[in-house]
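Commentary on secondary and tertiary structure
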Amino acid sequence: MPELPEVEVIRRELVPQLVGQIVDDVEIHWSKSFVDQSSDKITGKTILDINRMGKYLVIVLSAGYLVVHLRMTGQLMFAGGMPENKKHIRIILRMRSGKYLIYFDSRKFGRLIHADRLNGVLKNTGIDALSPELSVIMFQQMLKNHNRMVKSFLMDQRQIAGLGNIYVDESLFRAKIHPQTITHIIPERKIYLLFESIRETLLHSIKNMGTTISDYKTVGGGFGGHQRFLQVYGRGDKPCFVCGTPIRKIRMNNRGTHFCPKCQPLRKKRQ
DNA sequence: CTAATCACCTGAAGGC
DNA sequence: TGCCTTCAGGTGATTA
């Protein structure tokens, strides 16, 4: 479900509510959802800050971290009491204030990881897609150093972290690059365009509180609004908003991949 | 190094 | 209604 913009929206909502709270108790309803690899107990720890690394939410405790990955269907809710709908609750963190941080996850893919250090947990996470340290020069170098299809490169969290299936398809459409283009043949001006397209797509979605296709909800239970602006994702066979050609949907790495065959022609050689 | 497949899970939607 | 298949915002392990 959530990619960088959704996780960032959740982070921003959570910070004012959660910072300063003290963990009093952890209730585990599905054991695989909570991975405790810390030598210390989480009870009694104060929440100092919440950061984001790619699609990970990093809750900084007075000692150690609670790292959250929502995968496909994870949801967080912060409330003064238990919600009416208790379905799919996997973890409940009760705070000393009497409030609760509740983790829902219908598909049980997501994880809350309690760890002393971030090194191990984030070892496969590359530079964040919105990091100010990710320069267009560095992005260009990364693309030139790989010989693979640009969509699968952008989906690879070890390279650039935060993009998922929706925003990769949207960014490639915006940059007019076919998802199967091999990274190292993309001309320089297209690399610049792609770099900007990724930033604009992600920032625009954050402004709209993320994209709700089915499960994603903000911490307050609201829906995102960015689905109104999707150009290709979920629009297979529908006319391209730019040229009217039917959007094509194919499978790449077992993921639905959407693009406009006219706006994003496949080039096999450097132009 | 890259690609393909499966595994982890549940629920919604469509065909018959 | 019900059964069956396919699909879904993600990632990690394994095999080719």
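Placed above this text is the structure.
These remarks concern the structure in this document. These numbers come from a predicted model, not from an experiment.

Glancing now at the sheet that holds strand E6 (residues 74–79). Strand order in this open sheet of 4 strands is E1-E7-E8-E6, and the pairing throughout is antiparallel. Of all the strands in the sheet, the pair left with one neighbour each is strand E1 (23–28) and E6. Strand after strand, the sheet turns through a mean of 15° between neighbouring axes, direction not considered. With 6 bridges joining them, E6 and strand E8 (residues 100–105) adopt antiparallel strand pairing. Following the sheet pairing, Phe78 is matched in E8 by Leu101. In this fold helix H1 (residues 4–18) packs onto E6, strand E7 (89–95) and E8, with an angle of close to 30° to the strand it touches most, E6.

All chains considered together, the criterion is met by 1 aromatic pair. Considering the side-chain rings of Phe139 and Phe195, the 5.5 Å spacing of their centres and the 50° angle between planes classify their relative orientation as tilted. With Phe139 in helix H2 (residues 136–144) and Phe195 in helix H5 (residues 188–207), the pair connects residues that are 56 residues apart, well separated along the chain. Accessibility assignment for this pair places Phe139 and Phe195 in one class, buried. Sitting over the ring of Phe241, Arg235 keeps its end group 3.8 Å from the ring centre.

Right, let's talk about the packing of H2 against H5 for a bit. As a packed pair, H2 and H5 sit with axes 10 Å apart at the nearest point and diverge in direction by 115°. As H2 runs across H5, the sense of the crossing is right-handed. Here Val136, Ile137, Phe139, Gln140, Leu143 and Lys144 of H2 come into contact with H5, specifically with Glu188, Ile191, Tyr192, Leu194, Phe195 and Ile198. Grouping the amino acids of the contact of H2 with H5 by side-chain chemistry returns 9 nonpolar, 1 polar and 2 charged.

What follows deals with the protein's contact with DNA strand B. Neighbouring DNA strand B are 14 residues; Lys32, His88, Ser106, Arg107 and Lys108 lie closest to it. For DNA strand B, the fraction of protein-proximal atoms (within 4 Å) that sit in sugar or phosphate groups is 71%. Residue Lys32 places a side-chain N or O atom 2.7 Å away from a phosphate oxygen belonging to DNA strand B. Within the contact set of DNA strand B, a phosphate oxygen lies 3.1 Å away from a backbone nitrogen or oxygen of Asn147. When the residues that make up the surface near DNA strand B are grouped by side-chain class, the tally is 3 nonpolar, 6 polar and 5 charged.

Let us look at the state of the cysteines. Under the defined criterion, the tally for this structure stands at 0 disulfides. Among the cysteines around Cys243, which has no disulfide bond, Cys260 carries the closest sulfur, lying 3.6 Å off. Given the relative accessible area of 30%, Cys243 is considered partly exposed. Take Cys263: it sits in no disulfide, and the sulfur closest to it among the cysteines is that of Cys260, at 3.7 Å.

Here is what the cut-offs are and how they apply
- Residues numbered from 1 in each chain as written.
- Chains lettered and ligands numbered in written order.
- Predicted model: local features only at pLDDT ≥ 70, side-chain atom pairs only at ≥ 80, totals over all residues.
- Heavy atoms only, no water.
- Pairing = 2+ DSSP bridges.
- Helix = DSSP H or I, 4+ residues; strand = E, 2+ residues; numbered from the N terminus.
- Axes fitted to C-alpha atoms, helices over the stretch in contact; angles between N-to-C directions.
- Contact = heavy atoms within 4.5 Å.
- Phe/Tyr/Trp six-rings, centres within 6.5 Å; stacked < 30°, edge-to-face > 60°.
- Buried < 20%, exposed > 50% of the residue type's maximum accessible area, 1.4 Å probe, protein only.
- Lys NZ or Arg CZ within 6 Å of the ring centre and 35° of its normal.
- Left-handed = near helix turned anticlockwise from the far one by under 90°.
- Nonpolar A, V, L, I, M, F, W, Y, C, P; charged D, E, K, R; others polar.
- Near = heavy atom within 4 Å.
- Polar contact = N/O pair within 3.5 Å; in protein donor to acceptor, adjacent residues only side chain to side chain.
- Disulfide = S-S within 2.5 Å.

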